[in-house]
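One letter stands for each residue in the lines below.
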Amino acid sequence: MNKNLFANWEAPASWHKMTTLECHTGGEPLRIITSGFPLLKGETILEMRRDCQQNHDHLRTALMFEPRGHADMYGCVITPPERPDSDFGVLFLHNEGYSTMCGHAIIALTRVAVEAGVVRALEPVTSLRIDAPCGQIKAYAEIKKGQIRRIYFDNVPSFVFDADAEVAVPGLGTVSYTLAYGGAFYAYVDASSLGLSLRAENHSQIIDAGRRIKQALHSSRAITHPLHADLGFLYGTIFSAPSETAGVHSRNVCIFADGELDRSPTGSGVAGQAAILHAKGVLPLGEKIVIESILGSQFQVSALNTLAYGPHNAIIPRVEGSAHIVGKASFYIDPSDPLQNGFIFR
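Everything quoted here is computed from the prediction, not taken from an experiment.

1. Here's the deal with the environment of aspartate 190
Following the sequence through the fold, aspartate 190 ends up in strand β11 (residues 185–190). In sequence terms aspartate 190 and proline 242 are 52 residues apart; their C-alpha atoms lie 9.5 Å from each other.

2. Looking at the packing of aromatic side chains
Considering all chains together, one arrives at 13 aromatic pairs under this definition. With centroids separated by 5.5 Å and ring planes inclined at 80°, the aromatic side chains of phenylalanine 161 and phenylalanine 185 adopt a geometry described as edge-to-face. One end of the pair, phenylalanine 161, is in strand β9 (residues 158–169); the other, phenylalanine 185, is in strand β11, and 24 residues separate them in sequence. Taking relative accessible area as the criterion, phenylalanine 161 reaches 22% and is therefore assigned partly exposed. Seen from their ring centres, tyrosine 186 and tyrosine 188 are 6.1 Å apart, and the 70° between their planes marks the pair as edge-to-face. A residue is classified by how much of its surface remains accessible, and tyrosine 186, at 1% relative accessible area, is buried.

3. Let's talk about the pairing of strand β2 (residues 28–35)
With 6 of its 8 residues buried, β2 lies for the most part within the structure. Examined bridge by bridge, strand β1 (residues 16–25) and β2 share 7 bridges and lie antiparallel to one another. Within β2, the residue paired with threonine 20 across the bridge is isoleucine 33. As consecutive antiparallel partners, β1 and β2 are separated by 2 residues, and within that stretch glycine 26 has a phi angle of approximately 60°, a positive value.

4. Quick look at the state of the cysteines
In the structure shown here, the tally under the stated rule is 0 disulfides. A disulfide-free cysteine, cysteine 52 has its sulfur positioned 12 Å from the sulfur of cysteine 76, the nearest such atom. Classification of cysteine 52 by relative accessible area gives buried; the value is 0%. We note that cysteine 134 lacks a disulfide partner, and the nearest cysteine sulfur, in cysteine 102, lies 10 Å from it. According to the relative accessible area criterion, cysteine 134 is buried, its value standing at 7%.

5. Points about the nonpolar core
With 86 residues, the main nonpolar core has Leu30, Phe92 and Phe239 as its most contacted residues. The element that contributes the greatest number of residues to this core is helix α3 (residues 103–115), accounting for 8 residues. Counting only domains with at least three residues in this core, you end up with domain 1 (12–154 + 325–333) and domain 2 (158–320). With 19 residues, the next largest nonpolar core counts Leu63, Met64, Leu93 and Tyr98 among its residues.

6. Some points on helix α1 (residues 45–55)
Given 3.6 residues per turn, any residue in an α-helix points the same way as the ones three and four places further on. Among the residues of α1, Ile45, Leu46, Met48, Arg49, Asp51 and Cys52 are the ones counted as buried. Residues of α1 that are buried make contact with α2 (57–64), β3 (75–79), β4 (88–93), β5 (98–99) and β6 (125–132).

7. Regarding the side chain of arginine 60
Within the secondary structure, arginine 60 is located in helix α2. Judged by relative accessible area, arginine 60 falls into the buried class, the value being 5%. A distance of 2.7 Å separates the side chain of arginine 60 from the side chain of aspartate 57, its partner in a polar contact.

Cut-off values and rules
- Residues numbered from 1 in each chain as written.
- Predicted model: local features only at pLDDT ≥ 70, side-chain atom pairs only at ≥ 80, totals over all residues.
- Heavy atoms only, no water.
- Helix = DSSP H or I, 4+ residues; strand = E, 2+ residues; numbered from the N terminus.
- Phe/Tyr/Trp six-rings, centres within 6.5 Å; stacked < 30°, edge-to-face > 60°.
- Buried < 20%, exposed > 50% of the residue type's maximum accessible area, 1.4 Å probe, protein only.
- Pairing = 2+ DSSP bridges.
- Disulfide = S-S within 2.5 Å.
- Core = buried A, V, L, I, M, F, W, Y, C linked by side-chain atoms within 4.5 Å.
- Domains from an automatic or database assignment.
- Contact = heavy atoms within 4.5 Å.
- Polar contact = N/O pair within 3.5 Å; in protein donor to acceptor, adjacent residues only side chain to side chain.

Now the structure itself:
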C-alpha cells in the first residue's frame, strides 16, 4: 500500500476543533492553543482568567487531561493585551487550574512569537512585552543572522514573604521552609533536611513530599499578595539541593498544582530563589547563577535591581533558558463522547 488511507479521515463539521503548537522548555511541556478557544471577556488578564474559570473550564480539562493530555500537561491561551505597550496576553493552564506566572512558558512563547512573526524580529535584540496574570513580563530574544541565540526575561518583582518558617506535615514531621514569590508563591525546602534525594529516579517520593507540604501549608496559613488578592495562594513546593554538576549552583525540583513535577528548573521558581539568595547576601546584583532541573536542564538567573514592592524588599530577576518546538496538533471534541471533557488520575 503506497498511501496510508487512514489519513483520509475528516472530522464531522459538528465537532469542535482546537489546534495547538507543542513545545517544551527544559523538558517541561507547553501546549500553545492556536485556534478553537473562545475570546475571553474582560479588560484585564485577571478578569479574563475569571471568565475562563467560570465559563470555559471544560476546555482546559479537555486539553490538559487525558486522553488529549496527561497529569503533568501544561498549556496556555493567548489573549489580547491588557496594557497599550504589550504585544499580547497569556493565561497559563495546568491540571489544577490557572497559574499566575510561568517562566518556562514565557521562554517558549518568546521563541514562537519571533519565529511566527507575532512580533517583528529585530537584530541584535527583539523585545516583547507579555501580559500575564501576575503583571507585565519583559522578554528578549537575541538574534544573529536570523537565528535566535538567547532568550531571557525580566520578571515581576520577586521577594521573600516569610523566611525560616516551620510547618507540621503528616508523614514528614516538622518541615522548615522559606515562602517566596517569583510571580507565584512557593514554599522552598532544603531537600537534605528531609533526607530527600532529587535524582530523577526518586520522582515519586519527591511528588509525595511536595504534595504533603503544600496541603499542610494550605490548611495552616494565609498567604496574601501585596496588590492583588487573586495572586495570594501557594502554587507549589520547591526542593533545593547542591548540584553534582560542575558550574551549577543548585538543583530545583518543583511540585506544583495537583502534584505536577516540573521538568524544567521552574522560571518563576528560580526567580523566587534569586530573591531568597539576594536577601541572604549571597547573590549580589548582576551576578548570574545556574540552576538545574531534575532532568539536568538549566536556567540562568540573576538579580538586576532592587525595589520596594508594597511592604516587601524585592528584586527584579532575569531568567534565561531555551525552548524547542516538537509538533503541531489538532484536537476534536465529539459531542457524543461521554469523556469529552477529559479525565485524570493522580
